[in-house]
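Understanding the architecture of this molecule
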Amino acid sequence: MLPVSAVCGGIYRAAIRTLRTRNPPLCRRLSSGDGVLAGLADADTIFALSSGHGRCGVAVVRISGPAATTALRCMVGLRKHLPPPRTALLRSITDPHSKEVLDRGLVLWFPAPHSFTGEDSVEFHIHGGPAVITAVLQALGSVPGMRPAEAGEFTRRAFHAGKLDLTEVEGLGDLIHAETEAQRRQALRQMSGDLGRLYQDWSHRLKRCLAHVEAFIDFSEDELIEDGVLDRVDISVCDLQAEINQHLKDERRGERLRSGVHVVIAGATNAGKSSLLNTLCQRPAAIVSPIAGTTRDVVETALDIGGFPVLLSDTAGLRDSPDLVEQEGVRRARERVQQADLTLVVVDSTILPSEVQRAAAVLLKHLESVLTSQEQPEAGRCLLVLNKTDLLPEAQREQLSLGLRGTSGLPPVCLISCQTSEGLKDFLTVLQSTVQTMCADPLSGAPTLTQARHRAHLQQCAAALAQYWRYRDSDLALAAEGVRLALTGLGRITGRVGAEEILDIIFKDFCIGK
Amino acid sequence: MSRMLTRKLLPVRNILPPVTKRASHVHRQRYDVIVVGGGHAGTEAAAAAARVGAETLLVTQKTHTIGALSCNPSLGGVGKGHLVREIDALDGLCGRAGDWAGIHFSILNRRKGPAVWGPRAQLDRQRYREFIQAELLSTPRLEVLEGSVEELLVTDPNPEEPGRHRVTGIRLANGSRPISASSVVLTTGTFLSGSLFVGHTVSPGGRIGDAPSSTGLSQTLRERLGLRVGRLRTGTPPRVLKDSVDLSLAKLHPPDSHPTPFSFMNTRTRCKPEEQLPCYLTYTTPGVERVVRESLHLNCHIQQDAKGPRYCPSIESRVLRFPGRRHQVWLEPEGMTSDLLYPQGLSMTMPPDVQLRLIREIPAMHRAEIHTPGYGVQYDYVCPTQLSPALQVKNTQGLFLAGQINGTTGYEEAAAQGLWAGVNAARWARSLPPAGLSRTESYIGVLIDDLVSRGVNEPYRMFTSRAEFRTSLRPDNADLRLTQKGSLLGCVSSARRDEFLRVKLRLQDAEAALRALTLSPAGWRKMMPGISVSESKNGTLSGMDLLQYKDVSFEMLASLFPEQLSPHIEFSERLKIEAVYKPHCDLSKREVERIQKEENMSLPQDLDYFSLPVSLSKEVREILDRFRPSTLGAATRLEGMTPAAVVNLLNYVQIAERKERMMNRSNAGQQEGRGEDLCARNASLPQ
């Protein structure tokens, strides 16, 4: 019998052996937003905008992987000679297919292993406008073997190549968490619109196609599954292929998403949320009244805070209401909070207990009910705004301001009065620095990135459906594999589909008797 | 060797000596491995353990029923056939037994692509049992004992390793001395707290005609070891007298004209092609539905809420879930000389007189007579997430479970687990590290991984859609995937190893010959005018490339290049399949490698996930605590795991290793020896 401690020793050694290998064991599993995936190869070349957005002069696009040089060859016109390593070169960047010049910028080439990821890498330093960035990202997406990076993928590759030191490695989990969260919020914004419904519908239909092919494979010969099943799958696959291809060709790209940091004002009724919105945009954008439940829908305005684009939304006050319209308003408010990059939780400071400890406890509880997310609010994702301080006695104001600052678990607290503009300046400073930090993160608030990623996955999906037809008559196992790959591609947008889910559809639709 | 039918030719009857061995006749009081149960799981487990080199004892209630087919008289099918081929590649019994006992062979899905072909056979019950019994009796190091196990002997948990029991042996019902063993494999099928249902009658037992098993075993598992158990149900149809059925009213279903053997060691089956018996297909009528509805109040089993399978439902649940349809009923032969028919699809639990009324609603059976009525079984299963990938109970060293006790259904699923549990029980007894089988290399791996990392909520059956690497896990290449591994584990006979090596070398030669044939696309077009050969990247195409084309067969190429290719004609089918599938398998290769790496990174079983100083959400901690994944790979497949959580777990393992290393350095003297020992153990791990 093996002593347990001895077994563990062996385990750790085995783990380390794997860690040390050059070929990373974890990348592909980890690279999807929903946490589970299959089939993303490390052999893929990935790209991403790695600078912030907003009003910046220069944007940096990073490319890493074996096909990085392809980008140099087909987009920068360096067909024969690669540039000297790690040297900036001013070149025109062109679309590989249309040959249209997209921008003129600096190009840098970092051959493996002397790069951030340890792989062949290329950097484009281009002009910071959204149109240029989108064009370059989409051009990259059309190069074979390239796809947009998933959350944390650059860092993970660096990790596996041994390019990070131990302290950096320890922060890796948090980084990946933050990035997946940012992508999740982006995806939520996209998926709540018409586009989301379209993708969900495709996913649903593809699932049925797969389930029916699988039923035909696993059961048809001795069960009562008619040949007609496959004919229906044929029609379905044909339709889906046409729709996806049409969608990819469609230049309108569905609804336009506004970029910027999404800031949502939330809180109980009559806390002064709409007043805060009006104060921030310096115009009466939202109706303000002393009646609880004045704001029912989401009021959205685009702002410029310290030079950074912000999309500010005022939401209905959170309370249980018998009014159907208000209920819908509250639902929308909660949805917005889920999608927000930053939530301003507004509280009427006059309802707080005067004793600081108890006030902190009340606020913590209140935060939980507003944010509702199961996990702890991430640092920097929430600001607490205590409004109506003009109605507080001077001493209590002082106490709150000093006492709450050090309370653990509470986000930064600002005391303001929308009525007298007291404390507004300090609040704006805090808000601006938070927004600034967020803009430095290339993942928050850049819908073009999400769109580029969706596009790449849809292209994979369409290509996989072509495999269905290639093998439809000769080998149903390989044809089914095509549908399965298509669903995997689409699943990166809409969420993974497991084997059990397919079996559930089979047993719902067919009576399997054997 | 391969041209011989089976390894041994068998006497037809009286294979087991009539004198059954009793405990007092057991040759030893201590064995390496004791296997409890003589069904598909138990026989494969015992045979595998003995092959690996363990002194093995098989204990069963009735030696006479060893190898009995309790339910359907058939083996294989889609997905299940894959398992049979893999079991055979590891030198298990059921493939060769199927070739010996088969009386109707067919390959299902013949038109749907070789990855999903389903080798299947109707069996002669008696021949199957004979083969299995003869095989077991002639296996060295294996003894068979008739008896009922009263108690499983386990040690109290070790105070230093909380919750850790160790198995020490068994005690039989007749109160004799305990028999001790290092490993015990339980394959009790439906006998664990089993109850039989016919109409309103409920009686204890796992199979009609057999004594119920003792309650002691069930108690030990639940109360002593604290294992979570659930309840499942299954059923079997009535057996019908062949003479009383009007087969002219059913559709004849002939077998394949050339039977394909299950086993890689056989080139033909015992049954001659022309001796094969047909099956018949008929359908239910509205009358059947009426009888079911009228008799629901008399049907105890169907009203219970134990979970039955969705894919092998009783006629009652088929009719209730999909009313107004006609359902298929297959009439299958029970044996070469048997006068019974098995009505597949009519498993039922109503009172016998109603069963008769029901089957007579089907035209072909309008005056049929029932030989044995159908019945339902409800039984306990042990939630398989409590097992390691070696099928060892996590909290009890040396205790292995296989078959229906783990919540599966089907002979093939049971046999597959039995074989793997047997191999690992023997390894445990010999202090060797557990052997793993990945889901990337076999359906057996898929089966075990699904069981231990996801658990079951209905009887688990294999489907090809469960295998994400279906294009590489084909019935044709099971030997290439597994026999070498089996050989390293010592569970493959030398005859099979030699045959495997021969086949492997010959296949390699043939592929090399195909690759060496290179022509320009124009050249190929000239040679094969009917084929629309497309251009290639580097200007030439090899024979292997051409073989990918739908209309190109190996025989065609061989006729064009007889000198190079005709020596390989024996493998024409395998080469064609390999050529078509290789590009697809290559695509998934990286994914396969990644999973294999993650599966090689074990997580200690005694981790306290709630206090682990790692940033994990409460939700993830709960999931990890509930499923206790054995490897990082299993952890990543759990529902609800986040990418960040996996990276944090990985980091934890890394940090723990660093601490361990530092500790080792501080007391290097004593630790060194053990470290080396461990390295040696790891080195012996099969790859």
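Residues numbered from 1 in each chain as written. Chains lettered and ligands numbered in written order. Predicted model: local features only at pLDDT ≥ 70, side-chain atom pairs only at ≥ 80, totals over all residues. Heavy atoms only, no water.

With an unreviewed UniProt entry as reference, chain B is termed Mitochondrial tRNA translation optimization 1, source organism Fundulus heteroclitus. UniProt's Sequence similarities (unreviewed entry) comment on chain B is quoted here verbatim: "Belongs to the MnmG family." (UniProt positions renumbered as here; feature names shortened; annotations may be inferred.)

Residues and elements named next belong to chain B. Overall, antiparallel pairing links the six strands, which are arranged E14-E15-E16-E17-E13-E18 in an open sheet. Edge strands, defined here as strands with exactly one partner in the open sheet, are strand E14 (251-253) and strand E18 (370-372). Taking the axes of each pair of neighbouring strands and ignoring which way they run, one obtains an average angle of 35 degrees across the sheet. (Pairing = 2+ DSSP bridges. Helix = DSSP H or I, 4+ residues; strand = E, 2+ residues; numbered from the N terminus. Axes fitted to C-alpha atoms, helices over the stretch in contact; angles between N-to-C directions.)

Another aspect to go through is the packing of helix H12 (residues 478-489) of chain B against helix H13 (residues 494-516) of chain B. Residues and elements named next belong to chain B. The N-to-C vectors of H12 and H13 enclose an angle of 140 degrees; their axes lie 10 Å apart at closest approach. If you check the angle between H12 and H13, you find them oblique. Once H12 is placed against H13, the crossing between them reads as left-handed. Every residue of H13 that contacts H12 at Asp479, Leu480, Thr483, Gln484 and Ser487 is listed here: Arg496, Arg497, Phe500, Val503, Lys504 and Leu507. Classifying every residue of the contact of H12 with H13 by side-chain character gives four nonpolar, three polar and four charged. (Parallel < 35°, antiparallel > 145°, perpendicular 65-115°, else oblique. Left-handed = near helix turned anticlockwise from the far one by under 90°. Contact = heavy atoms within 4.5 Å. Nonpolar A, V, L, I, M, F, W, Y, C, P; charged D, E, K, R; others polar.)

All names here are of chain A. Here chain A averages 76 in pLDDT, while 75% of its residues score no lower than 70. Averaged pLDDT values for the elements of chain A fall to 28 in helix H2 (residues 27-30) and rise to 91 in strand E5 (residues 121-127). Contacts from residues 1-41, a stretch scored under 50 in pLDDT, to residues over four places away or in other chains number 118 contacts. Note on residues 252-256: pLDDT under 50 across the span, and six contacts to partners over four residues away in sequence or across chains. (pLDDT = per-residue confidence, 0-100.)

This part is about helix H12 (residues 356-371) of chain A. Residues and elements named next belong to chain A. Between its terminal C-alpha atoms H12 stretches 22 Å, which fits the 22 Å expected from 16 residues at 1.5 Å a residue. Within H12, burial applies to Val356, Ala359, Ala360, Leu363, Leu367, Val370 and Leu371. Projected onto a plane normal to the axis of H12, the buried residues spread over an arc of 100 degrees and lie on a single side. The exposed set on the far side of H12, more than 90 degrees from its buried face, consists of Gln357, Arg358, Lys365 and Glu368. (Expected span 1.5 Å × (residues − 1). Buried < 20%, exposed > 50% of the residue type's maximum accessible area, 1.4 Å probe, protein only. Arc of directions from axis to C-beta.)

All names here are of chain A. Along strand E4 (residues 101-110), seven of the 10 residues are buried, which leaves the element largely enclosed by surrounding structure. Bridge count for strand E3 (residues 89-94) against E4 is six bridges, and the pairing is antiparallel. Opposite leucine 89, over in E4, you have valine 107 as the bridge partner. The hairpin turn running from E3 into E4, its antiparallel successor, is six residues long, and lysine 99 in that turn takes a positive phi close to 65 degrees.

Residues and elements named next belong to chain B. For the coordinates displayed, the defined rule picks out six aromatic pairs over all chains. Considering the side-chain rings of tryptophan 524 and phenylalanine 561, the 5.9 Å spacing of their centres and the 70 degrees angle between planes classify their relative orientation as edge-to-face. Separated by 37 residues along the polypeptide, tryptophan 524 in helix H14 (residues 521-527) and phenylalanine 561 in the loop between helix H16 (554-560) and helix H17 (562-565) bring together distant segments of the chain. (Phe/Tyr/Trp six-rings, centres within 6.5 Å; stacked < 30°, edge-to-face > 60°.)

Residues and elements named next belong to chain A. Along the chain, glutamate 300 turns up in strand E8 (residues 299-305). Spatially, the C-alpha atom of glutamate 300 lies 9.0 Å from that of valine 264, the residues being 36 residues apart in sequence. Within the structure, glutamate 300 has its side chain in polar contact with the side chain of arginine 336 (distance 2.6 Å). (Polar contact = N/O pair within 3.5 Å; in protein donor to acceptor, adjacent residues only side chain to side chain.)

Take the environment of A:Cys461 next. Relative to the helices and strands, A:Cys461 is located in helix H15 (residues 447-471). For A:Cys461, a relative accessible area of 0% gives the class buried.

All names here are of chain A. Cis geometry marks the peptide bond from alanine 112 to proline 113; its omega dihedral reads 0 degrees. Counting through the fold element by element, proline 113 comes out in the loop between E4 and E5. Positive phi values are uncommon outside glycine, yet asparagine 270 reaches one of about 60 degrees. Judged by relative accessible area, which is 31%, asparagine 270 ranks as partly exposed. Positive phi outside glycine occurs at serine 421, with the angle close to 65 degrees. Along the chain, serine 421 falls in the loop between strand E12 (413-415) and helix H14 (424-440).

This part covers the pattern of salt bridges. All names here are of chain B. Applying the stated criterion to the full structure yields 51 salt bridges over all chains. Here aspartate 88 and arginine 496 are joined by a salt bridge, their closest N and O atoms 2.9 Å apart. Of this pair, aspartate 88 sits in helix H2 (residues 80-89) while arginine 496 sits in helix H13; the two residues are 408 residues apart in sequence, bridging distant segments of the chain. Since its relative accessible area comes to 2%, arginine 496 is described here as buried. (Salt bridge = Lys/Arg side-chain N within 4 Å of Asp/Glu carboxyl O.)

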